[in-house]
Amino acid sequence: MIIAVDGPTASGKGTIARGLARHFGLPHLDTGLLYRAVGRQVLLAGGNPDDPLDAVRATDFPDSLLVDPVLRHEGTGALASRVSVHKGVRAALLERQRAFAAQPGGAVLDGRDIGTVIVPDADVKLFVTASVGARARRRHAEMLSRGSDAPLEAIRTDLIARDARDRNRAEAPLVEAADAIVLDNSDLDAQQSLAEAIRIVEAAVADRPDRPA
Ligand code: DC
């Protein structure tokens with residue numbers, strides 16, 4: 001079973017994808033981490049994230065970079081959003097994501113274009129979203145819990161900019177797949193969101209025409 005989880009920044013898609021993977025016993029890939037590693041690698045190499053050649057060169061990042069906590073920082077997320085607009089960057093990361101999805105038994109992948117580009121024939125596609133206000137408040141609380149602070153308004157402004165860049169880019173923009181099920185969790189906590197996601201996946205699997213009798 002392949003489960004694609006897409007959605008905007010701070011929608012809770014990562015938490016949901018991890019929870020689904022645990023519940024269904026599947027491996028999970030946070031594809032945003034790959035773009036974050038490229039963004040970080042550009043910086044380490046002294047390159048320019050907006051330059052397609054510098055960004056493509058950085059797709060050669062060492063795997064050890066994927067566990068660097070700096071990848072989780074807000075600044076790295078913004079860099080990831082910038083390098084992810086380049087066609088060559090997306091092409092360089094494509095096979096790695098498809099190979100992960102093709103594992104026997106399936107997988108859960110979360111990102112922006114999983115259901116539209118990476119695995120268009122995924123068994124279940126979830127599009128996780130929430131209002132900008134709810135996402136900004138969550139990101140703010142998450143940052144405070146990590147000991148860093150930024151004004152709520154600045155976080156909100158950054159989220160709006162990230163959404164615009166991810167949704168308006170020419171290559172694999174963030175968009176709901178036609179057959180995705182939208183989960184708006186503006187009024188749900190993390191536990192309720194996961195419970196709803198599990199319910200959606202179970203219902204989708206039960207509806208599958210090829211389901212064993
Ligand atoms: O999910 P995230 O916040 O870690 O993603 C960081 C950036 O990476 C996001 O703003 C856009 C880009 N990204 C992408 O273009 N495609 C993906 N499948 C995942 C992330």
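For the structure itself, consult the block above.
Quick caveat: nothing in here was measured; it's all calculated off a predicted structure.

Novice: What exactly am I supposed to notice about the environment of Ala-172 here?
Specialist: Within the secondary structure, Ala-172 sits in the loop between helix H8 (152-168) and strand S5 (181-184). Between the alpha carbons of Ala-172 and Val-85 there is a distance of 8.4 Å; along the sequence they are 87 residues apart. Excluding anything up to four places from it in sequence, Ala-172 contacts Arg-90, Asp-113 and Val-117.

Novice: What should I look at first to understand the sheet that holds strand S4 (residues 124-129) in this one?
Specialist: Adjacent strands of a sheet form backbone hydrogen bonds with each other and so pair up, either parallel or antiparallel. Spatially, 5 strands are ordered S2-S3-S1-S4-S5 in an open sheet, and the strand pairing comes out parallel. Either end of the sheet is taken by a strand with one partner, and the two such strands are strand S2 (28-30) and S5. Shown here is a sheet whose adjacent strand axes are inclined to one another by a mean of 20°, direction ignored. Two elements, S4 and S5, share 4 bridges in a ladder whose sense is parallel. Bridge assignment links Val-128 to a residue of S5, and that residue is Leu-183.

Novice: What is the right way to look at the site of the ligand in this model?
Specialist: Around the ligand lies a shell of 15 residues, among which Arg-36, Arg-90, Arg-112, Asp-166 and Arg-169 are the nearest. Between the ligand and Arg-90, the relevant distance is 2.8 Å, taken from an oxygen atom to a side-chain nitrogen or oxygen of the residue. In isolation the ligand exposes 440 Å². Once the protein is present, 96% of that is buried. Among the elements of the structure, helix H2 (32-44), helix H4 (74-83) and H8 are those that each provide at least two residues to the shell around the ligand. The leading source of residues in the shell around the ligand is H2, at 3 residues. For the shell around the ligand, the per-class residue count stands at 2 nonpolar, 5 polar and 8 charged.

Novice: How should I be thinking about the environment of Gly-75 in this particular structure?
Specialist: Tracing the chain through its elements places Gly-75 in helix H4. The class of Gly-75 is partly exposed, set by a relative accessible area of 47%.

Novice: Sorry if this is basic, but what is going on with the pattern of salt bridges here?
Specialist: Pairing between side chains of opposite charge can happen when the charged atoms of each approach one another. Counted under the stated rule, the structure contains 15 salt bridges. Where Arg-57 meets Asp-54, a salt bridge forms, and the shortest distance between an N and an O atom there is 3.3 Å. Of this pair, Arg-57 and Asp-54 both sit in helix H3 (residues 52-57), 3 residues apart, which is roughly one turn of the helix. Exposure remark for Arg-57: the relative accessible area of 58% places this residue in the exposed category. You can call Asp-54 partly exposed: its relative accessible area is 22%. Among the salt bridges present, the one from Arg-146 reaches Glu-142, with a minimum N-O distance of 3.5 Å. Note on Glu-142: relative accessible area 35%, which makes it partly exposed. Ionic contacts of the salt-bridge type, sharing partners, join the residues Glu-74, Arg-139, Glu-142 and Arg-146 into one network.

Thresholds applied
Residues numbered from 1 in each chain as written. Predicted model: local features only at pLDDT ≥ 70, side-chain atom pairs only at ≥ 80, totals over all residues. Heavy atoms only, no water. Helix = DSSP H or I, 4+ residues; strand = E, 2+ residues; numbered from the N terminus. Contact = heavy atoms within 4.5 Å. Pairing = 2+ DSSP bridges. Axes fitted to C-alpha atoms, helices over the stretch in contact; angles between N-to-C directions. Near = heavy atom within 4 Å. Polar contact = N/O pair within 3.5 Å; in protein donor to acceptor, adjacent residues only side chain to side chain. Areas by Shrake-Rupley, 256 points an atom, 1.4 Å probe, with all protein chains shown as cover. Nonpolar A, V, L, I, M, F, W, Y, C, P; charged D, E, K, R; others polar. Buried < 20%, exposed > 50% of the residue type's maximum accessible area, 1.4 Å probe, protein only. Salt bridge = Lys/Arg side-chain N within 4 Å of Asp/Glu carboxyl O.

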